[in-house]
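# What the coordinates show
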Amino acid sequence: MKVLKFGGSSVASSENINKVINIVKESSYKSNVAVVVSALGGVTDLLLKAGELACKADESYKEQFNLIEKRHLNVVRELIPVNAQSSILGEVKKKLNKLETTLEGVFLINELSNKTSDKLVSFGELLSSYIISEAMIHNSLDAVLKNSQELVVTNEDFSNASVLFKPTNQNIANYFAENNHKIVMLPGFVATTEKGEQSTLGRGGSDYTAAIIAAATNSSILEIWTDVSGMYTANPKFVREAFPIKDISYQEAMELSHFGAKVLYPPTIHPVLAKQIPICIKNTFDAKAEGTLITKISSNTNPIKGISHIENMALLTLEGSGMVGIPGFSKRLFGALSDKKISVSLITQASSEHSICIAIDNKDVALAENTINNEFNFELDRQVIDPLVIEENNAIIALVGDHMKSHQGISGKMFSTLGKNNVNIRAIAQGASEKNISAVIAHKDIKKALNVLHAEFFENQTKQLNLFVVGVGNVGGKLIEQIKQQQAYLIENLKLQIRVIGVTNSRKMFFNEDGIDLDSYKNQLENGEDLNLDLFHKKVTALNYRNSIFVDNTASADISELYADYLKESVSVVTCNKIACSSSFSNYKHLKSLSRGYNAPFLFETNVGAGLPIIDTLKNLIASGDKVTKIQAVLSGSLNFVFNNFNEENSFYNVVEQAGVEGYTEPDPRIDLSGVDVARKILILARESGNKLDLEDIENNSFLPKASLEADLVPEFMETLKTEAAHFEAIYKKAAANNCRLKFVAEYNNGAANVGLQEIPSDHPFYNLDGSDNIVLFFTERYPVQPLIIKGAGAGADVTASGLFADIIRIGNN
């Protein structure tokens, strides 16, 4: 014989019930079947709500009753042929009348005892099992209804009764020995006491009913049909890459069930464990899916079978010098909690006996605090133990697997993975058997923790990067194009999956938690919500994705001031915006410190030389023990373009205008032509070389005339380039007469730095620097005479975007 149990979601509607009937029909061809059903989905909650309202003398309990009545009557009308409905509707209404009478009694006396509550919630399973059995009979199945209350006997601990197995097993054996039907329908969850009073097996007890039936009849298998295709490696609502576990042991299943794998009720396994009856978790809505097989020994060789979690936990710590070496503290603590029926999910104790830490459900905190304070009132008054420390809004995550003890380093890998992703661990518990390694973390970190652990232990090590891109204009647009183009390559060759989760322009912002479609991001952004940088930050931190990266493609000072906020949330920052790294030295150091402290990379390669590996090369020189003594550089692609194209035939005004059209200068060309941009770049290089400098320390020898420097607006500034044409022509002619070319040069030498226009002779490395190229000469203790030279395109949206992209990939490869 087989036992099939169907949960509330499987019998939530007439459509679903028809799926159940087809599954049972198929199973009954091969063997006799016992079918255990829960109440229609959601009905148990409605019954509890109705009882709660009635107990408060709130007449709206009648609304809940009406919903219950309507649900059941509609299901009958949808399942049963019209000509056969009358008697079935009559029986259903008779049961509903009893339910209504019970609720009226609760309403009148304003009291709802556990005993009455058991009677109340039993109606859910009694109604569903009757209706489904009648539907089976009218589908020509050889089915009969048997009330589980006539079989399962419990003690009088109402609402969570314990089964008395001797009379229960005897009742079940006797009934099935005489049964002549192929299918026996039974309500789950419900039972009676030895005195014949209605009781229940606790929430989720329908699984338990099915296991009891299976064990007592020595069934070949227990199938639990639900709305998912088995037990998963992690909760698929949190981890999209989670997948069904093909097979698992009883012990592993119990561990996963305890830690939140809700497809199975933890006590379920105990009755079938001794008989070694297999359990199969199946999907009512995908009957052909393999599901999860639970047996004594699993053939699955992966030492980790699943990652589970419990939400809404509080951490309670009892400590004090008066606990050391004193027997009985633990006994008193757990005895007091047990007396109040407070369940403890995790325990950890220092070997010094100085403290005991426990995790309990958040809802029990107030009762636990009062209970512990009363129990240890004497010690608290004498101050030999400290006041109870309570930390709420936590969660427990657990690795589960039978064979972890035979594989070295699993706990180390678990904790290092969490640490690298800035998931703080508040407490740890691990048994000597190593079937379970548990950790307490902040509730907000659940999704991130589950995902990073799942990636570490179950996935093919493809690393997911989640980008939040601010500015999708010239540079930002090119960056998104490059990401789109390279997605397949990165997954195949670097095992990197890059998703853009949020984007902004100067007006709008748009998020998609599953990743924005890069083919249509512009339209989605235009239809997004109005830009609010504070709200953007809140959304990024609320998502709390692993490997989150904030990408700044702007030149905005306001946005640069947000970097610290992101780094503090362990969100990496990649930027081409030079303002932050050229701000005050204290702010620069603060950002670097936050990056280290929160393990969130802060990368700004494109601050100098666009896509050229200037800063990365400098970092490698310093890290390897070299010391920079001097830097000479042409660091403005914009100015190099301008002075390479400025001659007797092209006026200075025309060349600057052309540079703006081709994207070499900022929208405000004064940023480039004033030399401030270059000053910021040499400042950044000096700081990265280990020097303490501020922007005011950089000598800026401007080539602009007074009228240009004093212009307030861009149009006025551009006009001065025409009126002061003679000034610029004189500079050009002087250089040409000396057989030199004009270059705007940045220099750092022994702690001092300056920028300015210089005449470069023909034998100098800068002389033949073409177009918008940059060049940097690093003189170091290892390169004292012949400098290390980096040269290449130093401006333009494509190369700047590629530099940002390289920083993003660098984070992924870290």
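Residues numbered from 1 in each chain as written. Predicted model: local features only at pLDDT ≥ 70, side-chain atom pairs only at ≥ 80, totals over all residues. Heavy atoms only, no water.

## Structural notes on the overall build of the chain
As a reminder, the rule being used: Numbered from the N terminus, helices here are DSSP runs of H or I no shorter than four residues, and strands are runs of E no shorter than two. Radius of gyration here uses only the C-alpha atoms, and the compact-globule reference equals 2.2 Å multiplied by the residue count raised to the power 0.38. Relative accessible area decides the class of each residue, using a 1.4 Å probe on protein chains only: under 20% of the type maximum gives buried, over 50% gives exposed, and in between gives partly exposed. Any pair of residues with heavy atoms lying within 4.5 Å of one another is described as a contacting pair. Neither His nor the chain ends is counted toward charge; the positive residues are Lys and Arg and the negative residues Asp and Glu. By convention, charge coordinates are those of NZ in Lys, CZ in Arg, CG in Asp, or CD in Glu.
Counting its regular elements, the chain contains 29 helices and 30 strands. Over its C-alpha atoms the chain spans a radius of gyration of 36 Å, topping by over 25% the 28 Å that the globule rule assigns to 814 residues. Evaluated residue by residue, the chain yields a buried proportion of 53% over its 814 residues. A separation threshold of at least 6 residues defines the contact pool for the chain, and within that pool the share at least 24 residues apart is 72%. Side chains of the chain give 78 positive and 95 negative charges; the mean places of these two sets differ by 6 Å.

## Looking at the pattern of salt bridges
Defined as follows: Salt bridges are defined by distance alone: a side-chain nitrogen of Lys or Arg within 4 Å of a carboxyl oxygen of Asp or Glu.
Taken as a whole and judged by the stated rule, the model has 31 salt bridges. Note that E150 is salt-bridged to K146, the shortest N-O span being 2.4 Å. Among the ionic contacts, a cluster of salt bridges with common partners joins E91, K94 and K95.

## Here we look at the sheet that holds strand 28 (residues 752–760)
Heads up, the rule is: Paired strands, in this sense, are two strands between which DSSP finds at least two bridges. Fitted lines through C-alpha atoms give the axes, limited to the stretch in contact for helices. The angle between two N-to-C directions lies from 0 to 180 degrees.
If you trace the six strands from one edge of the open sheet to the other, you get 26-28-27-25-29-30, paired in mixed fashion. In this open sheet, the two edge strands, each paired with only one partner strand, are strand 26 (698–701) and strand 30 (788–793). Ignoring strand direction, the axes of neighbouring strands in this sheet form an average angle of 20°. Of the pairings in the sheet, the one linking strand 27 (residues 741–749) to strand 28 comprises nine bridges and is antiparallel in character. By the bridge assignment, Y748 is partnered in strand 28 with A753. In the packing of helix 21 (residues 614–623) onto the sheet, contacts are made with strand 25 (628–634), strand 29 (773–780) and strand 30, and the angle to strand 29 comes to roughly 10°. The strands touched by helix 25 (residues 676–688) within the sheet are strand 25, strand 26, strand 27 and strand 28, with strand 27 carrying the most contacts at an inclination of about 35°.

## Describing the pairing of strand 17 (residues 436–442)
Here strand 17 lies mainly inside the structure; six of its seven residues are buried. Two elements, strand 15 (residues 389–400) and strand 17, share seven bridges in a ladder whose sense is antiparallel. Bridging from a neighbouring strand, I396 pairs with V440 of strand 17. Of the strand pairs in this sheet, strand 16 (residues 425–430) and strand 17 are connected by five bridges, and their pairing is antiparallel. Bridging across to strand 17, I425 finds its partner in I441.

## Comments concerning the environment of V452
Counting through the fold element by element, V452 comes out in helix 14 (residues 446–458). Take V452: its relative accessible area is 5%, and that puts it in the buried class. Distance from V452 to Q464, taken between C-alpha atoms, is 9.3 Å for residues 12 residues apart in sequence. For V452, the contacting residues outside a window of four places in its chain are T417, L418, N421 and R546.

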